[in-house]
Amino acid sequence: MVLLPLPPNPFAYLGTAAGKVAADERAPGSRGLVLHVLSMHTSPLSDPGEGDAGGMNVYVRQLSRAMVGEGAAVHVVTRSDTGEAWEARDEGVTVAGLPVGPPDAAKEDLPALVPDFARAVAQHLAARELTPDVVHSHYWLSGMVALALPGRTATWAHTMHTLGATKNAELAGTDGR
């Protein structure tokens with residue numbers, strides 16, 4: 001088990017964001033649901049086969065697009081692979097890359113970056129005065145980020161995607177018992 005240090009006061013980064021969503025941030029026909037998607041270790045804009053990109057990227061991208069289709073404002077936050085902050089739109093989904101740690105950091109080195117990424121996500125959202133109704137984290141690293149986010153008033157959904165014991169058992173050709 002890896003225990004990650006949390007910032008001394010993770011709630012301090014919330015600022016005074018009051019759940020405001022600018023009209024241009026809402027999807028056409030939005031009913032007002034604001035969904036923040038956390039995908040720390042890989043961007044949904046990356047194509048499968050690029051670096052660590054695979055099926056999870058496709059899943060996060062397609063689910064985010066589907067939620068926009070249902071009228072939600074969807075904001076995906078990932079780690080920047082360029083070393084610079086960036087923001088892009090993908091079929092109504094806002095995707096932001098935050099520069100935390102080396103852009104080429106190995107997945108094994110990412111747990112140490114969780115507290116810094118959580119702070120960067122909180123600051124990014126507070127600067128835009130966005131407060132989610134739902135936070136949906138993908139993969140265990142993003143789950144740790146969600147736990148460290150300030151306020152924690154939003155509904156939190158988490159998708160593991162893979163469980164080490166199950167994945168290792170499948171690779172070994174056993175049933176995992």
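Since the structure is predicted, the reported quantities are computational estimates derived from the model, not experimental observations. (Residues numbered from 1 in each chain as written. Predicted model: local features only at pLDDT ≥ 70, side-chain atom pairs only at ≥ 80, totals over all residues. Heavy atoms only, no water.)

### So, the pattern of salt bridges
Two side chains carrying opposite charge are able to pair once their charged atoms lie near each other.
Part 1 of the argument: Evaluated as defined, the whole model comprises four salt bridges.
Part 2 of the argument: Of the charged contacts, one joins Glu87 and Arg128 as a salt bridge, the two residues approaching to 3.3 Å between their closest N and O atoms. Placement of the pair is Glu87 in strand 3 (residues 86–90) and Arg128 in the loop between helix 2 (114–127) and strand 5 (134–138), with a sequence separation of 41 residues.
Part 3 of the argument: Take Arg128: its relative accessible area is 41%, and that puts it in the partly exposed class.
Part 4 of the argument: In the salt-bridge network here, residues are joined through shared partners; they are Arg65, Asp90 and Glu91. (Salt bridge = Lys/Arg side-chain N within 4 Å of Asp/Glu carboxyl O. Helix = DSSP H or I, 4+ residues; strand = E, 2+ residues; numbered from the N terminus. Buried < 20%, exposed > 50% of the residue type's maximum accessible area, 1.4 Å probe, protein only.)

### Section: the packing of helix 2 against helix 3 (residues 139–148)
Relative placement of two packed helices is described by the angle separating their axes and the distance separating the axes.
Part 1 of the argument: Across the interface, helix 2 lies against helix 3 with an axial gap of 9 Å and an inter-helix angle of 55 degrees. Taken together, the axis directions place helix 2 and helix 3 in an arrangement best described as oblique. Helix 3 is crossed by helix 2, and the crossing has right-handed handedness. Every residue of helix 3 that contacts helix 2 at Val114, Phe117, Ala118 and Val121 is listed here: Leu141, Met144, Val145 and Ala148.
Part 2 of the argument: Tallied by class, residues from the contact of helix 2 with helix 3 come to eight nonpolar, no polar and no charged. (Axes fitted to C-alpha atoms, helices over the stretch in contact; angles between N-to-C directions. Parallel < 35°, antiparallel > 145°, perpendicular 65-115°, else oblique. Left-handed = near helix turned anticlockwise from the far one by under 90°. Contact = heavy atoms within 4.5 Å. Nonpolar A, V, L, I, M, F, W, Y, C, P; charged D, E, K, R; others polar.)

### Concerning empty space enclosed by the protein
Part 1 of the argument: Counted according to the given criterion, the structure contains one cavity of 30 Å³ or more.
Part 2 of the argument: Here the largest cavity defines a volume of roughly 60 Å³.
Part 3 of the argument: Lining the largest cavity are 10 residues, and of these His75, Glu87, Thr94, His124 and Arg128 lie nearest its centre.
Part 4 of the argument: Within the residue set of the lining of the largest cavity, elements represented by two or more residues are strand 2 (73–79), strand 4 (93–98) and helix 2.
Part 5 of the argument: The residue makeup of the lining of the largest cavity, split by class, is four nonpolar, three polar and three charged. (1 Å grid on protein atoms, 1.4 Å probe; cavity = no way out; pocket = protein on both sides within 12 Å on 5 of 7 lines; lining within 4 Å. Points joined across faces, edges and corners; volume = space filled by probe spheres on them.)

### Regarding the nonpolar core
Part 1 of the argument: In this structure, Leu38, Met40, Val74, Leu98, Phe117, Val121 and Val145 are the most contacted members of the largest nonpolar core, which totals 33 residues.
Part 2 of the argument: Elements with a contribution of two residues or more to this core: strand 1 (34–39), helix 1 (55–69), strand 2, strand 4, helix 2, strand 5 and helix 3.
Part 3 of the argument: If one sorts the elements of this core by residue count, helix 2 sits on top with seven residues.
Part 4 of the argument: With residues near it in sequence (within four places) discarded, Leu98 still touches Val77, Thr78, Arg79, Ser80, Phe117, Ala120, Val121 and His124. (Core = buried A, V, L, I, M, F, W, Y, C linked by side-chain atoms within 4.5 Å.)

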